[in-house]
Structure formats: C-alpha cells, structure tokens
Amino acid sequence: MKGNSEKGIIHRFVGGIWDCLDYPPEQRRIVLKLDLTIVLWGSLSSFIKYLDKSNLSNAYNSGMKEYLGIKGNELNYANTGYNIASIIFGLPCAYLMNRYNTRWFILTIEILWTIVTFCFVSIKTPLQMIVLRVILGIVECGHFSAFVFLIGTYYNKHEAARRQVILQAFTVLGPMFATYIQAGASSSLDGTDGLDGWQWTFLIDGIVSVFIIICQIIFVPDILDRLKPNRFFSESDIHWLRARRSPIKHEPKPDTKWGIIKEQLSWLKQWRVWAFWAFGVCQDIISLSNQSTQFWIKGWNNIKPGSYTTAQYNTLTSPMYAISFLCSVTFGWTSDTFLKGRRWPGIIAAGLWSFAIMIALGAIPVYGSKPVRFFLYYNTDVGQAASGLYWCYSQEIFSHNLRQAAFVAGGINVCAYIANSIVNNIWFKTADQPFVQTGHYISAVFGLFYVAVALALGLTEKKYLARFNITADKNLDEESISAEECTSNNEPGSSKGSDYDVFEVSTPAENVKK
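This is a predicted model, so every value here is computed, not measured. (Residues numbered from 1 in each chain as written. Predicted model: local features only at pLDDT ≥ 70, side-chain atom pairs only at ≥ 80, totals over all residues. Heavy atoms only, no water.)

(A) A look at the overall build of the chain. Each helix and strand counted, the chain has 21 helices and two strands in total. The 514 residues of the chain split such that 57% are buried. Counted over contacts in the chain with a minimum sequence separation of 6, partners at least 24 positions apart contribute 82%. When the accessible surface of the chain is split by element, carbon and sulfur atoms take 66% of a total near 21,000 Å². (Helix = DSSP H or I, 4+ residues; strand = E, 2+ residues; numbered from the N terminus. Buried < 20%, exposed > 50% of the residue type's maximum accessible area, 1.4 Å probe, protein only. Contact = heavy atoms within 4.5 Å. Areas by Shrake-Rupley, 256 points an atom, 1.4 Å probe, with all protein chains shown as cover.)

Next comes the structure, spelled out in structure tokens:
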C-alpha cells in the first residue's frame, strides 16, 4: 500500500474531510459501520439529552413562570438541585458504565429521563418543577461521559477528535432546536387540547426521545473490548478493530472492593486527573454567561414595550448555538488533520477568545448597542465548542487504563456541576439577570485558566505517554492487514474473552508494576 507521500491530492482531500474514505475498501466499510452505529446514534442521543435539559429555561421564559406563579429564584434552585444530584451520582455512574454493559447503562438512563420529561407536562407547583429537575440530574449525569468512553474504545488518534466533537456539537444543536420547538409550540399549539405552549414542548421532546431510544436499542453496541459478533460486526471485523490498536499488556482488575477503592484513591494523587477535571470547571463557568442572552432580549420590552415577541426570545438565541456548532467542527477537524492529533492548541484558542468576549460583556453597558451585545452573547459558547477536544484528550491520555479513563470522564462532569452550583447561585442569579457583570469577569478569569491547563498538559504530554510506551496509533498506511487475515492472526491482545479493563505496557528498560 502506498504511503501518504505517494497519495494523490484527491486522496488527501477526501481523507481530510472524513478519514476512513481514504482507507482500503474493507477497512473503510468497518469504520463507516462504527460511525453509523456509534457516532450517529450517540450524537442523536446527546441531541435529545440536551433538548430535554435545555427546555426548562425556554419553558420558563415562555409561560411556565407565570403558570406556576414563580416569584423568586426557583429556577436557580431547580438547576442547583440538578447539579447537586449530578455531583452525588456522577462518579458512581463512571464506575457502573465500565463495570457493566455500557450499552444498556446508556439505554436505561435514557428511558428514565424520557419518563421524567413527560412528567414535566403535568407539574402544577414550583416544588414539583424542582423535584423533577433533581431526578433528571440523577439519570442524566452519566450519559455524555458514557458515550465519550464508548467512542474512545474504538477510534485511534487520527480519527477520535472528529467523532468526539461531533458528539459535542450535537449537545449544542439540542438547545438550538429546543428554541425553535418552544417558539413553534408557543405560536401554534398554545391552548390546544388544554395544554399551554410550554407543556407541548415537553411532550414533543419526550416523543422524539422515544424514537431515538428505539433506534439505539437496534444499533448501538457495547465497548470494543466486550463486543461480540452481531448483525453489524463479524468476528473478523472485531479482530481487525482490536488488532489495529497499539500492542498492550493486560493486567487483571482488582478483585476486592478495597482494591477498587485503593486504585481510585491512587488516581486522585495524579495531577493530570485534576487537570482534566479543571477543564470541566473552566468550560462550565465560561458558558454561564450565555444564559444572560434570553433575559437580555426579554428585558428590551421593559425599555421599549413590544420590542420582541415570546417566539423571538427563543429563536434569537439560536445563532449562539450555530456558532458553537461550527467552532466545534472546526476544532475537531483541525486537531485530527493539520495539528496531527494535538488537542491542546484548540483549547487554548477557545480560552483566549472567551477571555476577550467575557471582558467585553462585563465592560460594555448592558443596554447599549444591540449589534455589539448580540455579537458578544453569540460568542459566549466558543469555550464549550472546544470541550469535545478535552473529552477526547482525556481518553487518549489514559488509554493505558480503561477504568481510569472512565473515572476521569465521570469526574469532569462532577467538577463542572460543583462549579456551576457555586458560581451560578452567587454571580448569575436569575433575579439579577442580565445585569451580571461580575459573573462575566469571573468567566473571563476561567478563560485564562482554560489556557493554562491546556498548556500544562500539552507541554508534558510526550514525556508522560513515554512512560507507558504510548505513541501515535499505528500508521494508517501500515494497517494493510485485512479483516479476514485478522481472524487467523488472533494474538493474545485481541482474543475474545480477555480482560480489557486495564491496559499496561512494559518497556524494555523497566516493567511498570502496580
């Protein structure tokens, strides 16, 4: 097979758009099946999660507040309850997603949150809203990290970022489409069958969720290391997917509860674990500024009555999500191609841009120039657009130990929710919106922390990975072995039934021991 240097321009162009289109036919077929069974349905699953998660704020500004008689900060309390529930159950979910069948873990929590979404249609008091939001936090907290973990077991360093940022980008599309659903429900369905427009929003979201769940039951597999031949992946497909990974040595997982606890405590002594959790903190605090957008738009009616309609409260925020989506895709593609698998430069760019935007939001008068303020608000989600990079990065850095990779993924959201619960309730109070200049300055500071953490990880990455003899995955051009050949080349590292939970590589100089 020819090397990269001998490939034509068309091959390079096609491979740059979507890597596997430049693979040999049989390999292309296998990777495309992965994309259609995991990335597609994982992205749609993330879409419905964030559709369901974001519809509370849209409903609140579209009639729910008046319907429930809310006078104070009950929306903040509901979101804080969501965060606290996610904090408590985040790390247990990280353990469960790896310990048991990851596929059924995802499907179970999706079924539960869909039931909760339907329940929102019937709420009558602010307390019911808060209670349901807390339950939603319990069942949703492990979802995104579970899909990040699932994708991370299948794709190599030349493929991973594009898939992870697509997953992340659909978390942005969810809130964007939620605004259109709420706008349409408020203008067309309000009063139909005795339901207000905001109630129709929850009903529609629940129906969409049911459809996506049914499709996932059919298509989504378990992690690669537990995958068995099925209607989509033959035994030879599975062997090829495992064989293309770097050679690794397996170590049995702890066989006692104390052994598991001791192992997890040892991870807490590693600064890189905390660094990835810091990404979650920084990104979440940066993104808090975006919630001011709807309040700011609605506030113009107090200055000049009739400035905006209820539908516009929702639709005018959609460009913010569109910009975030485009930035997510850009970060992912450049990371996999031009930056040759480096994740940290894109995070730095997002952090610096967010810093400048947040400083401007705090310094410029709230009800000054409309175009300027719209521009600033529409760029408040650029920090979140880079989050797909650090999710991907976390799975690559800890690829030598799948249990640790799952632990880190679960902890990212836990730390993000802790930060959100503190900062949101002090500097981004609902009653103060959109006059939260101090909050914007705090977001700016965490934009700089975003940059500092990325630099620290990026500058020490090579030395850290060398300890485990982890380098870039096998050159794709050297992966000429076919799926059929893999069947007869059944190495210990790719045999069925092996324990893939912890991977350790021994170097010639020393053996890494636990």
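(B) Focus on helix α15 (residues 344-363). With 20 residues, α15 should reach 28 Å at 1.5 Å per residue; the first-to-last C-alpha distance of 29 Å fits that figure. Summarising the contacts, the buried residues of α15 are in contact with α11 (271-287), α14 (318-336), α16 (370-378), α17 (382-385), α18 (387-397) and α20 (437-466). (Expected span 1.5 Å × (residues − 1).)

(C) Broad picture of a nonpolar patch on the surface. A contiguous nonpolar surface patch, about 420 Å² in accessible area, is contributed by Trp104, Val210, Ile214, Ile217 and Ile218. As for its position among the elements, isoleucine 214 is in helix α8 (residues 197-219). Overall, isoleucine 214 belongs to the partly exposed group, its relative accessible area being 47%. (Patch = residues over 30% accessible without salt bridge, like charges linked within 9 Å, V, L, I, M, F, W, Y side chains within 5 Å. Salt bridge = Lys/Arg side-chain N within 4 Å of Asp/Glu carboxyl O.)

(D) Seen up close, the packing of helix α4 (residues 102-119) against helix α6 (residues 143-152). α6 packs onto α4 with a crossing angle of 155° between their chain directions and a minimal axis gap of 10 Å. Relative to α6, α4 is oriented roughly antiparallel. Both α4 and α6 take part in a crossing whose hand is left-handed. Facing α4, whose interface residues are Thr102, Phe105, Ile106, Ile109, Glu110 and Trp113, α6 presents His143, Ala146, Phe147, Phe149 and Leu150. Its residues placed into classes, the contact of α4 with α6 shows eight nonpolar, two polar and one charged. (Axes fitted to C-alpha atoms, helices over the stretch in contact; angles between N-to-C directions. Parallel < 35°, antiparallel > 145°, perpendicular 65-115°, else oblique. Left-handed = near helix turned anticlockwise from the far one by under 90°. Nonpolar A, V, L, I, M, F, W, Y, C, P; charged D, E, K, R; others polar.)

(E) Fine view of the packing of aromatic side chains. In total, this model carries 28 aromatic pairs according to the counting rule given. For the ring pair tryptophan 198 and phenylalanine 202, a centre distance of 6.2 Å and an interplane angle of 90° mean the geometry is edge-to-face. A residue pair is termed a helical-turn pair when its members lie 3 or 4 positions apart in one helix, as tryptophan 198 and phenylalanine 202 do in helix α8 at four residues. Relative accessible area serves as the criterion here: at 1%, phenylalanine 202 is assigned to the buried category. Look at phenylalanine 398 and tyrosine 464: their rings are 6.5 Å apart centre to centre, the planes differ by 75°, and that puts the pair in the edge-to-face class. Of this pair, phenylalanine 398 sits in the loop between α18 and α19 (402-427) while tyrosine 464 is found in helix α20, placing the two residues 66 residues apart along the sequence. Taking the relative accessible area as the measure of exposure, phenylalanine 398 reaches 0% and is therefore buried. Three or more aromatic residues link up through ring pairs in this structure, and these residues are Phe144, Phe276, Phe279, Tyr390, Trp391, Tyr393, Phe398, Tyr450 and Tyr464. It is arginine 99 that lies over the ring of tyrosine 100; its NZ or CZ is 5.0 Å from the centre. Cation over ring: lysine 370 sits above tryptophan 300, and NZ or CZ is 4.6 Å from the ring centre. (Phe/Tyr/Trp six-rings, centres within 6.5 Å; stacked < 30°, edge-to-face > 60°. Lys NZ or Arg CZ within 6 Å of the ring centre and 35° of its normal.)

(F) Highlighting the side chain of serine 421. The topology assignment puts serine 421 in helix α19. Given a relative accessible area of 13%, serine 421 falls into the buried group. Among residues more than four places away in sequence, those in contact with serine 421 are Thr80, Asn83, Ile84 and Ile87.

(G) Up close: the pattern of salt bridges. If you walk through the whole model with that rule in mind, you get 13 salt bridges. The salt bridge involving aspartate 237 is made with arginine 29; its shortest N-O contact spans 3.4 Å. With aspartate 237 in helix α9 (residues 235-243) and arginine 29 in helix α2 (residues 25-68), this residue pair connects regions lying 208 residues apart in the sequence. Assessed through its relative accessible area of 2%, aspartate 237 is described here as buried. Linking glutamate 263 and arginine 403 is a salt bridge whose minimum nitrogen-to-oxygen distance equals 2.7 Å. Of the two residues, glutamate 263 is situated in helix α10 (residues 257-267) and arginine 403 in helix α19; the sequence distance between them amounts to 140 residues. Residue glutamate 263 shares its accessibility class with arginine 403, and that shared class is buried.

(H) Structural view of the side chain of threonine 201. Locating threonine 201 in the fold gives a position in helix α8. If sequence neighbours within four positions are ignored, threonine 201 has contacts with Asn55, Ile181, Gln182 and Ala185.

(I) Here's a closer look at the packing of α2 against α9. As a packed pair, α2 and α9 sit with axes 11 Å apart at the nearest point and diverge in direction by 90°. With respect to each other, α2 and α9 are oriented roughly perpendicular. Residues Gln27, Arg29, Ile30, Val31, Lys33 and Leu34 of α2 lie in contact with α9, whose contacting residues are Asp237, Trp240 and Leu241. Class assignment for the residues of the contact of α2 with α9 results in five nonpolar, one polar and three charged.

(J) Quick peek at the environment of arginine 342. One can find arginine 342 in the loop between α14 and α15. C-alpha separation for the pair arginine 342 and tyrosine 393, spaced 51 residues apart in sequence, amounts to 8.6 Å.

(K) Quick peek at the nonpolar core. The biggest cluster of nonpolar side chains holds 138 residues, and the ones touching the most others in it are Met64, Met129, Tyr154, Phe276, Phe279 and Tyr450. It is α2 that contributes the most residues to this core, 14 residues altogether. Residues within four places of tyrosine 450 in sequence aside, it is in contact with Phe279, Cys282, Gln283, Ile286, Ile347, Ala350, Gly351, Gly383, Ala386, Ser387 and Tyr390. (Core = buried A, V, L, I, M, F, W, Y, C linked by side-chain atoms within 4.5 Å.)

(L) Up close: α11. In a regular helix each residue adds 1.5 Å, so 17 residues correspond to 24 Å; α11 covers 24 Å between its end C-alpha atoms and thus fits that length. Judged by how many residues are buried, α11 sits mostly within the fold: 14 of 17 residues are covered.

(M) Geometry of the confidence of the model for the chain. Looking at the chain as a whole, its pLDDT mean stands at 85, while 88% of the residues score no less than 70. This model gives residues 1-6 a pLDDT under 50, and the stretch forms eight contacts once residues within four places in sequence are excluded. In the predicted structure, residues 487-514 sits below a pLDDT of 50 and forms 70 contacts with residues beyond four places in sequence or in another chain. (pLDDT = per-residue confidence, 0-100.)

(N) Examining unusual backbone geometry more closely. Following glutamine 433, the chain continues to proline 434 via a peptide bond in cis, the omega torsion being 0°. Counting through the fold element by element, proline 434 comes out in the loop between α19 and α20. With phi around 55°, aspartate 193 is a residue other than glycine that occupies positive phi space. Aspartate 193 sits in the exposed class, given a relative accessible area of 67%.

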